[in-house]
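Secondary and tertiary structure notes
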Amino acid sequence: MVIPCYNEEPVLEQTASVLSEKLRYLSTRRQISAKSFILLIDDGSKDRTWKIASNLHTADPEMFHAVKFSHNRGHQNAVYAGLMESLRRGCDAAISMDADLQDDPSAIDGMVESYRAGNEIVYGVRNNRDTDTAFKRLTAESFYKLMTWMGADTIPDHADFRLMSNTAIRALSQYSEANLFLRGIVPSLGFKSDKVFYKRGIRAAGESKYPLSKMISFALEGITSFSVKPLHMITTTGFLSVIVGFIMLIYTIVSICTGHAIAGWGSMMFSIWILGGLILVSLGIVGEYIGRIYIETKHRPRYIIEEEI
Ligand code: UDP
Ligand code: MG
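Rules and cut-offs
- Residues numbered from 1 in each chain as written.
- Chains lettered and ligands numbered in written order.
- Predicted model: local features only at pLDDT ≥ 70, side-chain atom pairs only at ≥ 80, totals over all residues.
- UniProt positions renumbered as here; feature names shortened; annotations may be inferred.
- Helix = DSSP H or I, 4+ residues; strand = E, 2+ residues; numbered from the N terminus.
- Rg over C-alpha atoms; globule rule 2.2 N^0.38 Å.
- Buried ≥ 20, exposed ≤ 12 C-beta atoms within 10 Å, placed from the backbone.
- Contact = placed C-beta atoms within 7 Å.
- Domains from an automatic or database assignment.
- Nonpolar A, V, L, I, M, F, W, Y, C, P; charged D, E, K, R; others polar.
- Pairing = 2+ DSSP bridges.
- Right-handed = clockwise from strand over helix to strand, strands pointing away.
- Core = buried A, V, L, I, M, F, W, Y, C linked by C-beta atoms within 7 Å.
- Near = placed C-beta within 6 Å.
- Expected span 1.5 Å × (residues − 1).

Going by the annotation in an unreviewed UniProt entry, the name recorded for the protein is Glycosyltransferase, with Bifidobacterium boum given as the source organism. The record held by UniProt for the protein lists under Sequence similarities (unreviewed entry) the comment "Belongs to the glycosyltransferase 2 family."

Here it is in structure tokens:
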């Protein structure tokens, strides 16, 4: 199990005990290997998260492994690092799950069962969002609709709670892009997959590390790393503006010919502001892509591991 942890001091011990119990239960029932383990990825936490991880390892070195990033690199990179570590350690499969127990651990049984039945990827899909705020529900729903419209493969509404076989993880390891959007990349790998439904609960303790600003940049990441549609939209808008411009020109010529005085001020202001706005928005969109190209061309490491136990 791969668990990304960023400042999860209030909840980590509880999560660790719930999950280790789950793994033990599944291994006594011979569903998984007795060598199965939990890999905690400390994403540069500033609280006692690493201390707790070390203590867990000391208490049960077989069950708890941990990797510490030198710096906060974000949820997606932490999950990715965990999956790569699982590959390096020769695991058959890995399940990624948040550290806050919002994802229901009882869905793990179904995931393992589905994997054993031959699926390479099993998504944990929320069948409710009752515990999320109305705002979070609305933004998430619009986001998934927007992504589908933008032409991404249909993304199951899952919160990076999924099982991946080592075949799928190996395929994922070939994606070298710096801007990782796993929810989009994993379905595009194209392996045989399945869904397991579960009820998403509330955070067991601590607070969300996804404020609105992070949600927005996550959504932008998703769109720009999967679609060039916004670029096409600029072109279309540009053409439309030119057509409107010509219509205005004809109107002006007609008014001059028919001797009407041009009441120019209003239309001038209108044109300047609308066009100015369009140009700025378009430049902004282009800029988003260029910024990402810039980041990709640097080929910097996704994360730096400071310590490993
Ligand atoms: N997380 C992380 N790095 C970050 C932010 C979050 O590894 O920079 C982890 C966090 O510890 C948790 C998971 O990502 O295990 C999901 O975060 P959170 O529960 O805060 O998000 P929410 O469920 O509120 O969307
Ligand atoms: Mg959470």
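Here the narrative resumes.
Some words on the overall build of the protein
A tally of regular secondary structure across the protein gives 10 helices and 8 strands. The C-alpha radius of gyration of the protein comes to 25 Å, more than 25% above the 19 Å expected for a compact globule of 309 residues. With respect to the principal axes defined by its C-alpha atoms, the protein has extents near 95 × 40 × 35 Å. Out of the 309 residues belonging to the protein, those deemed buried represent 30%. The contacts in the protein between residues at least 6 apart in sequence include a share of 83% that link residues at least 24 apart.

A few points about the domain arrangement of the protein
Once the domains are mapped, the protein shows domain 1 (2–227) and domain 2 (229–298). Using only C-alpha atoms to locate each centre, domain 1 and domain 2 end up separated by 43 Å. With 9 residues of domain 1 at the interface, the matching set in domain 2 holds 7 residues. Within the side of domain 1 that touches domain 2, the residues separate by chemical class into 4 nonpolar, 4 polar and 1 charged.

Let's talk about the pairing of strand β1 (residues 2–5)
Going residue by residue along β1, you find Val2 and Pro4 tucked away on one face and Ile3 and Cys5 tucked away on the opposite face as well. Summarising the sheet, β1 and strand β2 (residues 38–42) pair through 4 bridges and their orientation is parallel. Residue pairing across strands places proline 4 opposite isoleucine 41, the latter belonging to β2. This β-α-β element, β1 to helix α1 (residues 12–28) to β2, shows right-handed connectivity.

Description of the nonpolar core
Val2, Ile3, Ile38, Leu39, Leu40, Ile41 and Met111 are the most contacted members of the largest nonpolar core, which totals 55 residues. Ignoring any residue separated from it by four or fewer positions in sequence, one finds isoleucine 38 in contact with Met1, Ile3, Ala16, Leu19, Ser20, Leu23, Met63 and Phe64.

Description of the site of ligand 1
By nearness alone, 16 residues border ligand 1, and Pro4, Tyr6, Ala99, Ser208 and Lys209 come closest of all. At the level of elements, β1 and α3 (75–88) are the ones that each hand at least two residues to the shell around ligand 1. Residues belonging to the shell around ligand 1 are distributed by class as follows: 6 nonpolar, 5 polar and 5 charged.

As for the UniProt feature "domain: Glycosyltransferase 2-like" (unreviewed entry) in the protein
With numbering aligned to this structure, UniProt lists the feature "domain: Glycosyltransferase 2-like" (unreviewed entry) at residues 2–142. Along residues 2–142 the backbone is 43% helical and 18% strand, and the end-to-end C-alpha distance reaches 29 Å.

A word on unusual backbone geometry
Residues apart from glycine generally show negative phi values, whereas peptide bonds are mostly found in trans. The residue asparagine 7 is not glycine, and still its phi comes out positive at about 50°. Topologically, asparagine 7 is positioned in the loop between β1 and α1. For asparagine 7, a count of 20 C-beta atoms within 10 Å corresponds to the buried category. Notably, arginine 30 is not glycine yet its phi reads approximately 60°, a positive angle. Locating arginine 30 in the fold gives a position in the loop between α1 and β2.

Let's talk about the pairing of β2
Remember that side chains alternate between the two faces of the sheet whenever the strand is regular. Most of β2 is tucked away: 5 of the 5 residues are buried. Taking every second residue as pointing to the same face, both faces of β2 are buried, with Ile38, Leu40 and Asp42 on one and Leu39 and Ile41 on the other. As a crossover connection, the stretch from β2 through helix α2 (residues 49–59) into strand β3 (residues 64–69) is right-handed.

Focus on α3
Taking 1.5 Å per residue as the helical rise, α3 with its 14 residues ought to reach 20 Å, and the 20 Å between its terminal C-alpha atoms agrees with that figure. Those residues of α3 not exposed but buried are His75, Asn77, Ala78, Val79, Tyr80, Ala81, Gly82, Leu83 and Ser86. Once α3 ends, the next one or two residues include glycine 90, with phi positive near 75°.

Section: the environment of glutamate 221
Within the fold, glutamate 221 resides in helix α8 (residues 212–226). For glutamate 221, a count of 18 C-beta atoms within 10 Å corresponds to the partly exposed category. Along the primary structure glutamate 221 and asparagine 179 are separated by 42 residues, whereas in three dimensions their C-alpha atoms are 7.0 Å apart. The residues contacting glutamate 221, other than those within four sequence positions of it, are Asn179 and Phe181.

A few points about the environment of tryptophan 50
Structurally, the position occupied by tryptophan 50 is in helix α2. Once the C-alpha coordinates of tryptophan 50 and glutamate 8 are considered, the two residues, 42 residues apart in sequence, prove to be 9.4 Å apart. Here tryptophan 50 is in contact with Asp42, Ser45 and Lys68, once residues within four sequence places are set aside.

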